[in-house]
Amino acid sequence: AADIESAVEQVMKDLEFARTSASSFILLFIVIGIVIGVVLAGLITRSISGPLNNLINRLRDIAEGEGDLTQRIESNNNDEIGEVAHWFDLFLDKIQNTIQQVGITAHTLKDAATEMLGTSNGMKDSAGQTVDQAHVVSTSSIQVSENVNNVATATAEIDTSVREISNNITEAAEIAAQAVGAAEA
């Protein structure tokens, strides 16, 4: 019975040692697991927050800059952040092309407006010349009308003078005829 008790005691000691060793191993594995978990969490956080912070900084530079649409994010990541950067760069390309087209259209409109201004000034000058020519024609017409009136008045005076001369000649002829008749008588 003493052997059994000593064997039981030995088994109990072995069990206690095994339990203590198992607890120590479990505690060690838990500590190692926690350390690995913290390290992995840090690496995962850094792998997400690093590129995300870079993306945020690039977007801030573009937004706070002078509107330079040639800047791009240019991310080489093959993750979601890289995809966001890729699509944002494509969006900037489209905006840049649209702004360039607006600039070209504005330049074309400016040229057309300049041409229209030149045409308008030419029309204004032509209208001024037409008014000046109409004034000259009007003045000339008035002078012609005055000259025609003067000619008509002179013609009327000449007609009156011719009639007076004709009457005087007729009277002179009658007087001469009477003188010839008196001389012959």
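Chains are numbered independently. Their residues run from 1 in the order of the written sequence. pLDDT decides what is reported in this predicted model: residues at 70 or higher carry local features, side-chain atom pairs at 80 or more are listed and counted, and totals for whole chains, interfaces and linings draw on all residues regardless. Hydrogen atoms and water are omitted, and side-chain values are computed over all heavy atoms in the structure.

(A) Molecular detail of the overall build of the chain. For helices the rule is a DSSP run of H or I covering at least 4 residues; for strands it is a run of E covering at least 2, with both sets numbered from the N terminus onward. Secondary structure summary: the chain contains 2 helices and 0 strands in total. Radius of gyration means the value over C-alpha atoms here, while the globule rule gives 2.2 Å times the residue count to the 0.38 power. A compact globule built from 185 residues would reach a C-alpha radius of gyration of about 16 Å, whereas the chain, at 62 Å, exceeds it by more than 25%. Oriented by its inertia axes, the alpha-carbon framework of the chain measures out at about 225 × 20 × 20 Å. Categorising residues by exposure relies on relative accessible area from a 1.4 Å probe, with only protein chains included: less than 20% of the type maximum marks a residue as buried, more than 50% marks it as exposed, and the intermediate range marks it as partly exposed. The 185 residues of the chain split such that 6% are buried. Here, residues are in contact when the closest pair of their heavy atoms is within 4.5 Å. Counting contacts in the chain only where the partners sit at least 6 residues apart, residues at least 24 apart contribute 44% of the total. Charged side chains of the chain number 10 positive and 26 negative; the gap between the two group centres comes to 18 Å. Residues scored as positive are Lys and Arg, those scored as negative are Asp and Glu, and His as well as the terminal groups of each chain are ignored. Where a charge lies is defined by one atom per residue type: Lys uses NZ, Arg uses CZ, Asp uses CG and Glu uses CD.

(B) Fine view of the packing of aromatic side chains. When two rings of Phe, Tyr or Trp (its six-membered ring) have centres within 6.5 Å they constitute a pair, described as stacked for plane angles under 30 degrees, edge-to-face for angles over 60, and tilted for the intermediate range. Overall, the coordinates contain 2 aromatic pairs when judged by the stated rule. Note on Phe88 and Phe91: the rings are 6.0 Å apart at their centroids and 45 degrees apart in plane angle, and the pair reads as tilted. A residue pair is termed a helical-turn pair when its members lie 3 or 4 positions apart in one helix, as Phe88 and Phe91 do in helix H2 (residues 80-184) at 3 residues. In this structure Phe88 comes out as partly exposed when scored by relative accessible area, which is 25%.

(C) Quick look at the packing of helix H1 (residues 2-64) against H2. Two numbers describe how H1 lies on H2: the axes approach to 10 Å, and their chain directions differ by 15 degrees. Classed by the angle they form, the pair H1 and H2 counts as roughly parallel. Helix-helix and strand crossings are classified by hand; for H1 and H2 the assignment is left-handed. Counting all contacts with H1, which are made through Ile48, Pro51, Leu52, Leu55, Leu59 and Ile62, the residues of H2 involved are Ile81, Val84, Ala85, Phe88 and Leu92. In this description, a line fitted to the C-alpha atoms serves as the axis of each element, helices being fitted only across the stretch in contact, and the angle between N-to-C directions of two axes falls anywhere from 0 to 180 degrees. If an angle is under 35 degrees, it is roughly parallel; if it is over 145, roughly antiparallel; if it lies from 65 to 115, roughly perpendicular; otherwise it is oblique. Left-handed describes a crossing in which the near helix is turned anticlockwise from the far one by less than a right angle; the clockwise case is right-handed.

(D) H1, seen in detail. Here the expected span of a helix is defined as 1.5 Å times the quantity of residues minus one. Relative to the 93 Å expected for 63 residues at 1.5 Å per residue, H1 spans 89 Å between its end C-alpha atoms, a close match to the ideal helical length. Turning to H1, its buried residues are Pro51, Leu55 and Ile62. The secondary structure elements touched by the buried residues of H1 are H2.

(E) Representation of the side chain of Asp89 within the structure. Relative to the helices and strands, Asp89 is located in helix H2. Here a salt bridge means any side-chain nitrogen of Lys or Arg lying within 4 Å of a carboxyl oxygen belonging to Asp or Glu. One buried charged residue, Asp89, forms no salt bridge at all, with the nearest opposite charge on Arg72 at 4.9 Å. Setting aside its immediate chain neighbours within four residues, Asp89 contacts Arg72, Ile73 and Glu74.

(F) Layout of the pattern of salt bridges. The tally for this structure, following the rule as stated, stands at 5 salt bridges. Measuring nitrogen to oxygen at the nearest pair gives 2.7 Å for the salt bridge that ties Glu16 to Arg19. Separated by 3 residues within a single helix, Glu16 and Arg19 lie in helix H1, roughly one turn from each other. The class for Glu16 is partly exposed, based on a relative accessible area of 37%. Here Asp61 makes a salt bridge to Arg58, at a shortest N to O gap of 4.0 Å. One end of the pair is Asp61 and the other is Arg58, both in helix H1 and 3 residues apart, which spans about a single turn. Here Asp61 falls in the partly exposed class, since its relative accessible area comes to 43%. In this structure Arg58 comes out as partly exposed when scored by relative accessible area, which is 27%.

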